[in-house]
Amino acid sequence: MPPQKIRAFLATDVLLEYIRGKAELQGLFSEEVRERAVLAINDVVVQELLLSSADLTSVASYLEIMPTALDMSSPETQASLHEVRKRKMHVNDVLILAGARSCDVLLTYDRDLLDVGKGAEVRSETPEEFLVELGAVA
């Protein structure tokens, strides 16, 4: 039985940097990474990418698009909402964190998401850190 793949949720900023050609991220969609990880986003990330006019054609087939399911009564959602109010974060960040909770790791450059992720039981790190962990550094 093959080992279970790591589920990595990509925040909007990571995809934008990849699409813009950031050299450190060119291995993110490599076959080596795709053999070991499932790269996921939700419809909030799709919306943000579409609003930025980003061309998703090069990566769309490699992404799992998850539904944004937000249970307003759950303790996790309530904790995230509390953090958003406290930090004055954008509400989309709550929806991104909600999507990331069903994954193993949230990949982002956003300092707020990196910090909140640690308190919200979501492992969060930069994509470069993730690539180093996988041994897939370009």
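Since we're looking at a predicted model, the values are computed, not measured. (Residues numbered from 1 in each chain as written. Predicted model: local features only at pLDDT ≥ 70, side-chain atom pairs only at ≥ 80, totals over all residues. Heavy atoms only, no water.)

### Quick notes on the packing of helix H1 (residues 12-19) against helix H3 (residues 43-51)
Here is step 1: Look at H1 against H3: their axes get within 9 Å of each other, and the N-to-C directions meet at 45°. With respect to H3, the element H1 is oriented oblique. Remark: the crossing between H1 and H3 carries right-handed chirality. Where H1 approaches H3, its residues Thr12, Leu15 and Leu16 are matched on the opposing element by Val45, Glu48 and Leu49.
Here is step 2: For the contact of H1 with H3, the residue count by class is 4 nonpolar, 1 polar and 1 charged. (Axes fitted to C-alpha atoms, helices over the stretch in contact; angles between N-to-C directions. Helix = DSSP H or I, 4+ residues; strand = E, 2+ residues; numbered from the N terminus. Parallel < 35°, antiparallel > 145°, perpendicular 65-115°, else oblique. Left-handed = near helix turned anticlockwise from the far one by under 90°. Contact = heavy atoms within 4.5 Å. Nonpolar A, V, L, I, M, F, W, Y, C, P; charged D, E, K, R; others polar.)

### A few points about the side chain of Thr126
Here is step 1: Mapping Thr126 onto the fold places it in the loop between strand S5 (124-125) and helix H7 (127-134).
Here is step 2: Apart from residues no more than four positions distant in its own chain, Thr126 is found in contact with Leu107, Thr108, Tyr109 and Leu114.

### Examining the packing of aromatic side chains
Here is step 1: Applying the stated criterion to the full structure yields 2 aromatic pairs.
Here is step 2: With a centroid separation of 6.1 Å and an interplanar angle of 40°, the aromatic rings of Phe29 and Tyr62 are classed as tilted. You can see Phe29 sitting in the loop between H1 and helix H2 (31-36) and its partner Tyr62 sitting in the loop between H3 and strand S3 (63-66), a full 33 residues away along the chain.
Here is step 3: Residue classification places Phe29 among the buried positions, given a relative accessible area of 5%.
Here is step 4: Three or more aromatic residues link up through ring pairs in this structure, and these residues are Tyr18, Phe29 and Tyr62. (Phe/Tyr/Trp six-rings, centres within 6.5 Å; stacked < 30°, edge-to-face > 60°. Buried < 20%, exposed > 50% of the residue type's maximum accessible area, 1.4 Å probe, protein only.)

### Regarding the sheet that holds strand S1 (residues 6-10)
Here is step 1: The strand order S3-S2-S1-S4-S5 describes an open sheet built from 5 strands, whose pairing is parallel. What marks the edges here is a single partner per strand, and that holds for S3 and S5.
Here is step 2: Bridge count for strand S2 (residues 37-42) against S3 is 4 bridges, and the pairing is parallel. Looking at the pairing, Leu39 lines up with Leu63 of S3.
Here is step 3: Sitting on the sheet, H3 touches S1, S2 and S3, and the angle it makes with S2 is about 70°. (Pairing = 2+ DSSP bridges.)

### Thoughts on the environment of Thr68
Here is step 1: Examined against the element boundaries, Thr68 turns out to sit in the loop between S3 and helix H4 (75-87).
Here is step 2: Distance from Thr68 to Leu95, taken between C-alpha atoms, is 6.8 Å for residues 27 residues apart in sequence.
Here is step 3: Dropping the residues within four chain positions of it, Thr68 is found in contact with Asn42, Asp43, Val44 and Leu95.

### Quick notes on the side chain of Thr12
Here is step 1: One can find Thr12 in helix H1.
Here is step 2: Residue class for Thr12 comes out buried when judged on its relative accessible area of 8%.
Here is step 3: Among the polar contacts listed, one links the side chain of Thr12 to the side chain of Glu48, at a separation of 2.3 Å.
Here is step 4: Discounting chain neighbours no more than four positions away, the residues touching Thr12 are Val45, Glu48, Leu49 and Ile96. (Polar contact = N/O pair within 3.5 Å; in protein donor to acceptor, adjacent residues only side chain to side chain.)

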